[in-house]
Amino acid sequence: MKYSGGIAACVAAGAGPASIARAADTLVVNSQGGEYKEIFERVVIAPFEEKFGVKVIHDATGTASQDMAKLRAAGGKPGFDVAASLTPPEVILGGREGLLAPMTAKEVPNLDHVWDEAKGLGAGYGAVHTVQYASLIYNKEKVERPDSWADYWQPWKRYGEGIRNHVIGFNPANLLSIFALLYAARLDGGGTDNMAPAWDYLEKQKPYLGVVVTGSSEAVPHFENGQVWISPYWSGRAALYIDRGLPFEMVVPKEGVFGLPDVAAVPSGASNKDLAFEFVNFRLSKDVQRAFSLAYHAGPGRSDITDFPEEFLSRQIASKEKIAKTIWPDLAKIGEKRKDWTLKWQEIMS
């Protein structure tokens, strides 16, 4: 049977994976490196290739903000068909600037199963497939349990001068840095409209930083060698490394935490949009969602998975009760102000 009209039309006409493969047999998917890469390839990519008889090229490079820069530089034709690891600030801007293709339940039927609280975070251009939060982690062999974001931003007050060079900072190219700065601003009544307290905290914290990194995976060697004793960190990666034996514990400080949705989107100039939408839909399928969540230790994007283990549920946003309590920052405003905040961060850190 000759393929025409895209993946959906081919399937509706009764064509199998082989017919789809002859029509469009290669898909380029951009996501993250580190341990994410191995899990993503094993749990998502390999089953997709087997089901549809296609080849997926995995471009595991760049942070979400760096991927956004690629989209802008290429006018929506960045060389990959799926941007699998964006966050809402990039998706909101990418949609406004015509760099991302509109995405509805027509193209991605499994969007109907995404958490009600998270559906709007895709801004009509992306699918929320994973939910985490920016926790605070600490080396339990080196310091006592922190209970406030002030313990990270003013560590000498809690731990004395011995904490010097054992605090880690993150470049604002990683949204983890932005969330941490917002936590700092909120300590003194600030927020997205008043970041002055955050810059004051950053200047005072700077002498205590032992290392500054960009990607979350870049921090891991510094955790492993004992250099870093306290850090903001995504809940998924934190639980993953703790279960692998790192002497860390994760904390939800008394001031609370922000939720972070990971979003998959399709560039407006993607070479293989039909297969790209099929990939996003597959990423949201129930079995794949559950398998990836357990492997990566992160909450799912869909709301109808009810058989997670209790320990997993205690750590991650994976229940209706937890999703209802999650604080979502003003992601659109973060997208608008991130460049200015980055420049201010660079001014202080230079």
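The structure presented is a predicted model; accordingly, all values stated were derived computationally and were not measured.

1. Some remarks on the pattern of salt bridges
Tallied over the entire structure, the rule returns 21 salt bridges. The partner of lysine 37 in a salt bridge is glutamate 41, and the shortest N-O contact between them spans 3.1 Å. Separated by 4 residues within a single helix, lysine 37 and glutamate 41 lie in helix 3 (residues 34–52), roughly one turn from each other. What makes lysine 37 partly exposed here is its relative accessible area of 33%. Close ionic contact of arginine 42 with glutamate 38 constitutes a salt bridge, the shortest N to O distance being 2.7 Å. In this pair, arginine 42 and glutamate 38 both sit in helix 3, 4 residues apart, roughly one turn of the helix. Of the residues examined, arginine 42 reaches a relative accessible area of 47% and is grouped as partly exposed. A residue is classified by how much of its surface remains accessible, and glutamate 38, at 39% relative accessible area, is partly exposed. In the salt-bridge network here, residues are joined through shared partners; they are Glu144, Asp147, Asp151 and Arg158.

2. Description of helix 12 (residues 235–243)
Of all 9 residues in helix 12, 8 are buried; the element is thus mostly enclosed. Taken together, the buried positions of helix 12 are Ser235, Gly236, Arg237, Ala238, Ala239, Leu240, Tyr241 and Ile242. Glycine 245 sits one or two residues past helix 12 and shows a positive phi near 110°.

3. Topic: helix 9 (residues 175–187)
The terminal C-alpha atoms of helix 9 lie 19 Å apart, and with 13 residues this matches the ideal 18 Å at 1.5 Å per residue to within 8%. Of all 13 residues in helix 9, 11 are buried; the element is thus mostly enclosed. Within helix 9 the residues assigned to the buried category are Leu175, Leu176, Ser177, Ile178, Phe179, Ala180, Leu181, Leu182, Tyr183, Ala184 and Ala185. Its side-chain oxygen at 2.9 Å from the backbone nitrogen of leucine 176, asparagine 174 defines the N-terminal cap of helix 9. Downstream of helix 9 by a residue or two, glycine 189 has a phi angle that is positive, lying close to 80°.

4. Looking at the side chain of aspartate 151
Here aspartate 151 lies in helix 7 (residues 150–153). Relative accessible area serves as the criterion here: at 8%, aspartate 151 is assigned to the buried category. At 2.9 Å, the side chain of aspartate 151 forms a polar contact with the backbone nitrogen of aspartate 147. Ignoring anything within four residues of it in the chain, the contact list for aspartate 151 reads Pro146, Arg158, Tyr159 and Ile230.

5. Here's the deal with unusual backbone geometry
One non-glycine residue, alanine 123, lies in positive phi territory at about 55°. Relative to the elements of secondary structure, alanine 123 occurs in the loop between helix 6 (116–119) and strand 4 (126–139). You can call alanine 123 partly exposed: its relative accessible area is 31%. One non-glycine residue with positive phi stands out, namely asparagine 165, at about 75°. Mapped onto the elements of the fold, asparagine 165 is located in the loop between helix 8 (155–159) and strand 5 (167–170).

6. Points about the environment of tyrosine 36
Take tyrosine 36: it is sitting in helix 3. It is 7.1 Å that separates the C-alpha atoms of tyrosine 36 and tyrosine 296, two residues lying 260 residues apart in sequence. With near-sequence residues (within four places) excluded, tyrosine 36 lies in contact with Ser31, Ala84, Ser85, His129, Arg237, Arg283, Phe292 and Tyr296.

7. Structural notes on the packing of aromatic side chains
Here the structure, examined in full by the defined rule, presents 19 aromatic pairs. Both rings, one in tryptophan 149 and one in tyrosine 183, keep their centres 4.1 Å apart while their planes meet at 20°; by these two values the pair is stacked. Taken together, the residues tryptophan 149 in the loop between strand 4 and helix 7 and tyrosine 183 in helix 9 connect sequence positions 34 residues apart. Residue classification places tryptophan 149 among the buried residues on the basis of a relative accessible area of 1%. These aromatic residues form a ring-pair network of at least three members: Tyr36, Phe40, Phe48, Phe52, Phe279, Phe282, Phe292 and Tyr296.

The rules we used
Every chain is numbered on its own, with residues counted from 1 as its sequence reads. With pLDDT at 70 or above as the cut-off, local features in this predicted model cover only qualifying residues; side-chain atom pairs require 80 or more to be listed or tallied, and sums for whole chains, interfaces and linings still use all residues. Side-chain metrics rest on all non-hydrogen atoms present in the structure, leaving aside hydrogens and water. Think of a salt bridge as a Lys or Arg side-chain nitrogen and an Asp or Glu carboxyl oxygen that are within 4 Å of each other. We count a stretch as a helix when DSSP gives it H or I for four or more residues in a row; a strand needs E for two or more, and each element gets its number in order from the N terminus. Only protein chains enter the accessibility calculation, which uses a 1.4 Å probe; a residue is then buried when its area is under 20% of its type maximum, exposed when over 50%, and partly exposed in between. Given a helix with a known number of residues, its expected span is that number minus one, times 1.5 Å. N or O atoms closer than or at 3.5 Å make up a polar contact, with two conditions inside protein: a donor-capable atom paired with an acceptor-capable one, and, for residues adjacent in sequence, both atoms drawn from side chains. In what follows, a contact means two residues having at least one pair of non-hydrogen atoms within 4.5 Å. Aromatic rings from Phe, Tyr and Trp, taking only the six-membered ring of Trp, are treated as a pair when their centres fall within 6.5 Å; an angle between ring planes under 30 degrees marks them as stacked, one over 60 as edge-to-face, and anything in between as tilted.

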